[in-house]
Amino acid sequence: MKPTRLKLTVVGGGSTYTPELVDGFARLRDSLPLEELVLADPATERLELVGGLARRILARQGHPATVTTTTDIDAAVDGAHAVLLQLRVGGQAARDRDETWPLECGCVGQETTGAGGLAKALRTVPVVLDIAERIRRANPDAWIVDFTNPVGIVTRALLTAGHKAVGLCNVAIGFQRRFAGLLGVAAERIQLDHVGLNHLTWERGVTLLDAPGGGTGREVLPELLAAHGPAITEGLELPLELVRRLGVVPSYYLRYFYQHDEVVTELKAKGSRAAEVAAIERRLLEMYADPALDEKPALLAERGGAYYSEAAVALVAALLGTGSAVGSRQVVNVRNDGTLPFLPDDAVVEVPALVDADGARPLPQRPVEPLYAGLIAHVTGYEQLALEAALHGGRDRVHDALLAHPLVGQLDRAAWLTDRLIAENRAHLGWA
């Protein structure tokens, strides 16, 4: 039965992202009849600042939902129809280390890929699975929406353990909105041929629908690249001639693979993104403490996560059977199950899916070109090994995952990175 009064829980509710999410709940209230929003987080000071702003945002827009803050995960998820996960184990300090020590041996330092991404997965997967078990005990019918990076590995862990989970990323909706803006049309008229893994995707086609949500339309990616190539590639930091020759739009994260050594040089020179984000967060929290602030500040856009709220609302509404998003086509992270036949069924892929109360069912994909399929398969093998390391621990498993990663792949580097990863994360690795 369609719920008429919803309780939603955000684990990691003290994140500075949360006002973006709350703003979406307030603006898109017709899609989600939200009655109670629970923000759960162990960081009590941040939680109260974010919770206060959340209440003011809802009040400003006349939304009747109540906002509850708690450090008690069990109480937070009890009775929740859906739980959104947006946690960061170790905080920005751990992220800063993830982004810096791999550079010492000439490897990319990044929070979702390479050795840094593996470190985050090892810290995160056990915590997420513990939370998921609590959700299952409290309310086995609740949906889990994972926005926690690395989304592909975390979602695969959840699905492997039998949880009702879907992974979510804002890359696809970001491209949809960007392409719509360049064409001067409503975002709902843009449909993407989006394929790959989380943070390893390509837009192989862009359909301009005849009507919002309509089933017919025409392919416009070639004309987008011809007329707006520089604007598109500026955000990717990839060469325009490459994108036009391939005829696809890679996600920004492909730069770590296509221009690895150049990126390493840049990162060594400019410092970590984590340091930038930490500074932004300090300023945001100062703003959130102002009792007169009752809307998300413009500075939040610099934190990242653009359009996260719209994507989250559409996904939750479809899963819970509310609003107009029911049975909608959305790009999500979902179990492969033959969608990309060159991958195992239990791999998690990021593709368009039909989403409703029964879950997210990936839509059929045309064959993936070898240039992309090879890298997808390579990274999928790494992700499988990374999940085994996160679940079972052990130096050999960590080493195998790093050896399998296309951004590492050499014995001496893998050995050095393994020992450094364990040393940097020992406090978060029970087996170490």
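Note that the structure is predicted; figures quoted are calculated from it, not measured.

Participant: Is there a simple way to explain the pairing of strand β13 (residues 359-362) in this structure?
Facilitator: As paired elements, strand β12 (residues 348-356) and β13 share four bridges and run antiparallel to each other. Residue pairing across strands places A353 opposite P362, the latter belonging to β13. Here β12 folds back onto β13 in antiparallel fashion, the turn holding two residues.

Participant: How should I be thinking about the packing of aromatic side chains in this particular structure?
Facilitator: For any pair of aromatic rings, the description consists of the separation of the ring centres together with the inter-plane angle of the planes. What the rule picks out here adds up to eight aromatic pairs. When the ring of F175 is compared with that of F179, the centres are 5.6 Å apart and the planes differ by 20°; the resulting orientation is stacked. Of the two residues, F175 and F179 are both situated in helix α7 (residues 171-183); the distance of four residues between them amounts to about one turn of the helix. For F175, a relative accessible area of 3% puts it in the buried group. Exposure remark for F179: the relative accessible area of 0% places this residue in the buried category. Ring geometry for W202 against Y372: centres 4.9 Å apart, planes inclined by 40°, an arrangement best described as tilted. On the criterion of sequence distance, the pair formed by W202 in strand β8 (residues 200-209) and Y372 in helix α14 (residues 370-392) is long-range, its members being 170 residues apart.

Participant: Hey, could you run me through the packing of helix α1 (residues 18-27) against helix α2 (residues 44-60) in this one?
Facilitator: For any two helices packed against each other, the geometry comes down to the angle between their axes and how far apart the axes lie. For the pair α1 and α2, the least separation of the axes is 9 Å and the interaxial angle reads 20°. What the angle tells us is that α1 and α2 run roughly parallel. As for the relative orientation of α1 and α2, their crossing is right-handed in sense. Residue-level inspection shows T18, P19, V22, D23 and A26 of α1 in contact with α2, the latter providing V50, L53, A54, I57 and L58.

Participant: When you look at the pairing of strand β11 (residues 328-335) in this model, what are you seeing that I'm missing?
Facilitator: The side chains of a regular strand alternate between both faces of the sheet. When you tally the buried positions in β11, you get six out of eight residues, the bulk of the element. Here β11 pairs with β12 via eight bridges, running antiparallel. Residue pairing across strands places V334 opposite V349, the latter belonging to β12.

Participant: Explain the nonpolar core to me, please; I cannot follow it from the model alone.
Facilitator: Side chains that are nonpolar tend, in soluble globular proteins, to be buried together. Grouped together as the largest cluster of nonpolar side chains are 145 residues, with contacts concentrated most on L8, L85, L118, L158, F179 and L200. Setting aside residues no more than four positions away along its own chain, L158 makes contact with L85, V128, L129, A132, I144, D146, H163 and A165.

Rules of the game
- Residues numbered from 1 in each chain as written.
- Predicted model: local features only at pLDDT ≥ 70, side-chain atom pairs only at ≥ 80, totals over all residues.
- Heavy atoms only, no water.
- Pairing = 2+ DSSP bridges.
- Helix = DSSP H or I, 4+ residues; strand = E, 2+ residues; numbered from the N terminus.
- Phe/Tyr/Trp six-rings, centres within 6.5 Å; stacked < 30°, edge-to-face > 60°.
- Buried < 20%, exposed > 50% of the residue type's maximum accessible area, 1.4 Å probe, protein only.
- Axes fitted to C-alpha atoms, helices over the stretch in contact; angles between N-to-C directions.
- Parallel < 35°, antiparallel > 145°, perpendicular 65-115°, else oblique.
- Left-handed = near helix turned anticlockwise from the far one by under 90°.
- Contact = heavy atoms within 4.5 Å.
- Core = buried A, V, L, I, M, F, W, Y, C linked by side-chain atoms within 4.5 Å.

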